[in-house]
Amino acid sequence: MPARARSGGARPGRSCWHRGGLVGGRAPRIGTPPPPGRGRPAQRPARSSPRRPRGRTRAATRQAANDWDPAQRMAYLVSLSIADARAEPGLMRFLDGVLAAAPMPVPWSAFVDQFGHTFFYNEGSGESTWKHPMEHILKDLAATCRRSLKLPAGKRNEWLQAVVDAWTAKAAKEYAKWYAAKDSEGREYYLVSETNETMREHPVKAVLPAHYVKIEFARKLLDHSYVDSLLALPTTAPPQPAWRGPHDAVFVEAKAEVGHPQRGHS
């Protein structure tokens, strides 16, 4: 359903930004976006910025949303501490599927730096971050999956259908807030009349993807065979990951402690 056209209302200025999108001006040209800096990244652990390269560097390359390396993706999930990979393998498999299938909401894109590490770039604001644009929905989905795996099939379906209905109504309500308008140059933008929030991106591409992913994966839990496959995963300790990147410093530190035990005093 397209946003409704509206005349008047708040008009974007030349330097107005909303949700990373430039309103009233042109977005920066995308060439070689820089990976996140050495400051504290958006997600744990603290040491997640890649090393500064020496000499000439290879430019970052654009990556399809579903081409994120599985080992990196799992390390990213572990770093969020939303679920225990050893005690809740089914939940981790579910969340991994969410990230693997989640589209990039406009104006975000995925890139790979010179070390092969995936990062995310806002093509409106020029922001680079290790944080996935859909990270904010993972806690709700984790809580939904965790409860679903504990409920008997009959109660599970009844409860999940109520969740799907509530999330669908919330998505429709959020979408209905946005109206289409045009600036003084005749360019279309979108606004929320109650708050005067504005953005250039269509709400279908910028606002609804997160709602869509939540609803679709809640519906996926209605499939008994899928839930059974999650429950069948063994609760054993995962092997030490071979990949080393910005999201697995916790594993590196753990291995260092095992390999260099403290010596007692004589």
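Computed from a predicted model, the values in this text were never measured in an experiment.

Undergrad: Explain the packing of helix α4 (residues 153-176) against helix α6 (residues 208-220) to me, using residue names and the numbers behind them.
TA: With their axes 9 Å apart at the nearest point, α4 and α6 run at an angle of 170 degrees to one another. Here α4 lies roughly antiparallel to α6, going by the angle between them. Two packed elements cross with a definite hand, and for α4 against α6 that hand is left-handed. Residues Leu160, Val164, Trp167, Thr168, Lys170, Ala171, Glu174 and Tyr175 of α4 pack against Leu208, His211, Lys214, Ile215, Ala218 and Arg219 of α6. Residue composition of the contact of α4 with α6, by class: eight nonpolar, two polar and four charged.

Undergrad: Go over helix α7 (residues 224-231), please, and point to the residues and values.
TA: Buried residues of α7: Tyr226, Val227 and Leu230, and no others. The arc that holds the buried residues of α7, viewed along the axis, is 95 degrees, so those residues lie on one side. Where α7 is buried, its residues contact α2 (89-101), α3 (138-150), α4 and α6.

Rules used in this analysis
- Residues numbered from 1 in each chain as written.
- Predicted model: local features only at pLDDT ≥ 70, side-chain atom pairs only at ≥ 80, totals over all residues.
- Heavy atoms only, no water.
- Axes fitted to C-alpha atoms, helices over the stretch in contact; angles between N-to-C directions.
- Helix = DSSP H or I, 4+ residues; strand = E, 2+ residues; numbered from the N terminus.
- Parallel < 35°, antiparallel > 145°, perpendicular 65-115°, else oblique.
- Left-handed = near helix turned anticlockwise from the far one by under 90°.
- Contact = heavy atoms within 4.5 Å.
- Nonpolar A, V, L, I, M, F, W, Y, C, P; charged D, E, K, R; others polar.
- Buried < 20%, exposed > 50% of the residue type's maximum accessible area, 1.4 Å probe, protein only.
- Arc of directions from axis to C-beta.

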